[in-house]
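Letter by letter, the chains look like this.
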Amino acid sequence: MAGWTADRIPDQHGRTAVVTGANSGLGLVTADELARHGARVVLAVRDTAAGEEAARRIGGDVEVRELDLASLDSVRSFAAKLAADHPVIDLLVNNAGLVLLGPRRTSADGFELHIGTNMLGHFALTGLLLDRLAAAREPRVVGLSSITHKNAHLDFDDLMSERDYRAASAYGRSKLATTVFGIELDRRLRAAGSPVVSVLAHPGLTRTNLTPRAWEHRGRIGRLIARGGLLVTQPVERGALPQLRAATDPGVRGGQFFGPSGFFETRGRVTEARLSQEASDPAVGERLWTAAEELTGVGYL
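Note that the coordinates shown come from a computational prediction; the quantities given were computed from them, not determined experimentally.

Asks: Now, about the sheet that holds strand β7 (residues 257-262): what can you tell me, with residues and values included?
Replies: The strand order across the open sheet built from eight strands is β3-β2-β1-β4-β5-β6-β7-β8, with neighbouring strands paired in mixed fashion. Each edge of the open sheet is held by one strand with a lone partner, namely β3 (62-66) and β8 (267-272). For this sheet, the mean angle separating the axes of adjacent strands, direction not counted, is 20°. The sheet contact formed by strand β2 (residues 40-45) and β3 spans five bridges and is parallel. Across the sheet, leucine 43 pairs through a bridge with valine 64, a residue of β3. The sheet contacts of helix α4 (residues 113-134) involve β1 (16-20), β4 (91-94) and β5 (140-144), and relative to β4 the element is tilted by about 175°.

Here it is, written out as C-alpha cells:
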C-alpha cells in the first residue's frame, strides 16, 4: 500500500494559504504543492530575495512577504499588512523553524531563540490572523512538530533556558511547546465554537538545510557531522507529506497529529502519529498558553 501522496490533494482553487519559512526545505515543497493544486500562496519568509527565487521556481499564484518570527514587531507588521490585503485566509501553515547547536542566542524580544522563533512567533502570528481565518469556509492551522518533542519537558521556571543551556534540549523544548500550543489551540477553538481547525504534523528525519546550519558553528567537523546525519534522512518531498495531509485532507479532524509510520516515526508513509503525554496534558496547555499571552502580548480565545 503506497499510502497518502500529494496526488491526493484536492483542488485548492479559491483558497489562500500562508506558509511560513516557504523559501526552502519543507516549506518550499508545501508551498509548491499547494500552488500546483490551485491555491494562492503567500510565502512568509525572513529573506525576501530567497523568497522571490522560490516564487520563480514555484510559479502559479504566489506572493512573497517579509516575516521574521524572531521579532514580534515583524510579526505584527506582517499580520497587519496581510490582513489588510486578504480579508479571508483559508490555511496557515506554521512551518518555519530553526535548530542551532551553538551557544545560547536570543530573539529581538529577548526570548531564547528556539522557543522565540519556533513557538512564540507562531503563537503571535496565529492570534493576529485568527479573525481572517475564521472568515473562511473550512479554515485550518497546521503546526510543525518534531519527534524530539517526545523526549522534552517544559520547565516553566526556566522557559527561556537561562540555566544550564543545552542547545539540543532547547530545540526539543521549543518543539514540545509548539506541539502543546497546537493541541491547546484546538481545544480552545472547539470550546469557542470556531470554524478554525488546528492540526499538527512532523516530518520524521528529513533532508533539509536545517541539519547543515545546525552544525555550522563547528566548522569543518560540523560539516562532516552534518553530512553523516543526512545519510539517515528521507527526501524532503516525502518529509513534507504529513504536513500536506494535515493541511489539505478533507477528512482531517482538529487535534490530529500526522507523521511517518516507519522505524520510530522517522520515515515512511503518512500515518496518525503519537503525542507525548506532556504534549496532550490540558494543564500543561493552559499554563503554556498563559505564559505565551504574557510574553507576546497577544491574547485570544
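Having seen the structure, we can now continue with the description.
Asks: Residue-level account of the pairing of β2, with values.
Replies: Counting buried positions along β2 gives five out of six residues, so the element sits mostly inside the fold. Looking at chain direction, β1 and β2 are connected through five bridges and run parallel. In the strand pairing of β2, alanine 17 is matched with valine 41. Note that the unit made of β1, helix α1 (residues 25-36) and β2 has a crossover that is right-handed. Read as a crossover between parallel neighbours, the route from β2 over helix α2 (residues 48-58) to β3 is right-handed.

Asks: Mind laying out the confidence of the model for the protein, listing which residues take part and the relevant values?
Replies: Scored by pLDDT, the protein comes out at a mean of 92, with 91% of its residues at no less than 70. Throughout residues 213-231 the model reports pLDDT below 50, and contacts reaching past four residues in sequence, or to other chains, amount to 16 contacts.

Rules of the game
Residues numbered from 1 in each chain as written. Predicted model: local features only at pLDDT ≥ 70, side-chain atom pairs only at ≥ 80, totals over all residues. Heavy atoms only, no water. Pairing = 2+ DSSP bridges. Helix = DSSP H or I, 4+ residues; strand = E, 2+ residues; numbered from the N terminus. Axes fitted to C-alpha atoms, helices over the stretch in contact; angles between N-to-C directions. Contact = heavy atoms within 4.5 Å. Buried < 20%, exposed > 50% of the residue type's maximum accessible area, 1.4 Å probe, protein only. Right-handed = clockwise from strand over helix to strand, strands pointing away. pLDDT = per-residue confidence, 0-100.

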